[in-house]
Amino acid sequence: MKKIAFIGAGNMARAIVIGLVNSGVTPSDIIVANPSPEKRLALANEFGIMHTDDNIKATEFADIIVLSVKPHFISDVCQQLTKACDISQKLFISVAAGRTVAQIQQALACNAAVVRVMPNTPSQLGFGMSGLFASPEVNDEQKAASGKLMSAVGKIIWLETESKINDVIAVAGSAPAYFFLFMEAMETHAKSLGFTDEESRMLVQQTALGSAQMVAHNSESISTLRGNVTSKGGTTHAAIEQFKADGIELMVKNAMNAAIARAEEMA
Ligand code: NAD
């Protein structure tokens, strides 16, 4: 098994470590590096993985280095890693939003193999959706290893071009918040209809969960599933017609395009 180092022991590193350990990766093949002893010890003690405060030591230990620090630390961290031996032979996986392959390779001062990943927050529960882009230096074995690594926290798709990462941000990366916003609006109105806070939360949460499960467990299109529960002239039909009259399709399209535009600005 390849050895894996995480540079940064935060939420995303934790999500992936949980997935890897649960999928049978030997904990002693994983090392986490973080300057904060509390952060790295919390992960190390819980999962029996190795830990260090030395990013260079972690990099030298591993074949695959997961850059799991906040985007504004990526350049400094990569520049620091140039002091490690053989970095041009290693695979770097970056989960940092808005940091391009070219920026990472420039900071590493070599044409290292880099896979850029755009995950989303449900990865923390193993229900993530990630888009992956591999730089031309990534070989087949490294591509398979990165796919396996991110599959430990959810589903993955491979992207042909790096710019598609921004589209994944619009459709999946930022999208949990769209669903939260919709659920929040429903919960607010449920309360105004007289349901208690607890009842409102449960009504919305269970309906969202059940609907997502129906999509996940059905081969029919989402459109067909909606049609199946929308009898002409019925209550659901009345609600759907109102959504359409208020321009929901345009609203969703504009919101997703706004996310793409912001991602492009931030790159
Ligand atoms: P986080 O703040 O929880 O974790 C980052 C960790 O890096 C912290 O523990 C911090 O102490 C550590 N750190 C800071 N400087 C360091 C250094 N020089 N060397 C080693 N460690 C250092 O952040 P997160 O939510 O885990 O996000 C990490 C990356 O994942 C970000 O780039 C973010 O864009 C990306 N991401 C996260 C999510 C998510 O669901 N959390 C989703 C998409 C993308």
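Residues numbered from 1 in each chain as written. Predicted model: local features only at pLDDT ≥ 70, side-chain atom pairs only at ≥ 80, totals over all residues. Heavy atoms only, no water.

## Section: the overall build of the protein chain
And step 1. A count of helices and strands for the protein chain gives twelve helices and eight strands.
And step 2. Seen through its principal axes, the protein chain has C-alpha atoms that stretch 70 × 35 × 30 Å.
And step 3. Taking the contacts inside the protein chain whose residues are at least 6 apart along the sequence as the reference set, 61% of them involve residues at least 24 apart.
And step 4. For the protein chain, the accessible surface area stands at approximately 15,000 Å², while carbon and sulfur atoms represent 57% of it. (Helix = DSSP H or I, 4+ residues; strand = E, 2+ residues; numbered from the N terminus. Contact = heavy atoms within 4.5 Å. Areas by Shrake-Rupley, 256 points an atom, 1.4 Å probe, with all protein chains shown as cover.)

## Quick look at the pattern of salt bridges
And step 1. Under the criterion given, the structure shown has six salt bridges.
And step 2. The salt bridge partner of K3 is D29, with a shortest N-O separation of 3.4 Å. Remark: D29 occurs in the loop between α1 (11-22) and β2 (30-33) and K3 occurs in the segment before β1 (4-7); sequence separation between them is 26 residues.
And step 3. K3 gets classed as partly exposed once you look at its relative accessible area, which sits at 29%.
And step 4. Since its relative accessible area comes to 11%, D29 is described here as buried. (Salt bridge = Lys/Arg side-chain N within 4 Å of Asp/Glu carboxyl O. Buried < 20%, exposed > 50% of the residue type's maximum accessible area, 1.4 Å probe, protein only.)

## Here's the deal with the site of the ligand
And step 1. The immediate surroundings of the ligand are formed by 24 residues, with N11, M12, N55, V69 and V95 found nearest.
And step 2. Backbone polar atom of M12 to an oxygen atom of the ligand: 2.8 Å apart, as the coordinates give it.
And step 3. Separating an oxygen atom of the ligand from a backbone N or O atom of V69 is a distance of 2.7 Å.
And step 4. The fraction of the free accessible surface of the ligand (830 Å²) that becomes covered by protein chains is 82%.
And step 5. Its residues assigned to classes, the shell around the ligand comprises 13 nonpolar, nine polar and two charged. (Near = heavy atom within 4 Å. Polar contact = N/O pair within 3.5 Å; in protein donor to acceptor, adjacent residues only side chain to side chain. Nonpolar A, V, L, I, M, F, W, Y, C, P; charged D, E, K, R; others polar.)

## Notes on the sheet that holds strand β3 (residues 50-52)
And step 1. With mixed pairing, eight strands are arranged side by side in an open sheet as β3-β2-β1-β4-β5-β6-β7-β8. Strand pairing shows two members of the sheet lacking a second neighbour, β3 and β8 (154-158), which therefore form its edges. Within this sheet the neighbouring strands show an average axis-to-axis angle of 25 degrees, counted without direction.
And step 2. Inspection of the sheet shows strand β5 (residues 91-94) paired to strand β6 (residues 113-118) by four bridges, in the parallel sense. (Pairing = 2+ DSSP bridges. Axes fitted to C-alpha atoms, helices over the stretch in contact; angles between N-to-C directions.)

## Digging into the environment of P122
And step 1. The residue P122 is located in the loop between β6 and β7 (128-134) in this model.
And step 2. Of the residues examined, P122 reaches a relative accessible area of 24% and is grouped as partly exposed.
And step 3. The sequence separation of P122 and V153 amounts to 31 residues, and the corresponding C-alpha distance is 8.4 Å.
And step 4. Not counting the four nearest positions on each side in its chain, P122 is found in contact with F127, G128 and P176.

## Some details on the nonpolar core
And step 1. Core analysis: the biggest nonpolar cluster contains 33 residues, and I7, L67, F92 and L108 have the highest contact counts within it.
And step 2. Not counting the four nearest positions on each side in its chain, L108 is found in contact with C78, L81, T82, I87 and F92.
And step 3. Counting residues in hydrophobic clusters, the runner-up holds 32 residues, among them F6, M12, I16 and L132. (Core = buried A, V, L, I, M, F, W, Y, C linked by side-chain atoms within 4.5 Å.)

## Focus: the confidence of the model for the protein chain
And step 1. For the protein chain, the mean per-residue pLDDT works out to 95, and 100% of the residues sit at or above 70.
And step 2. With pTM at 0.92, the complex prediction returns an ipTM value of 0.97. (pLDDT = per-residue confidence, 0-100.)

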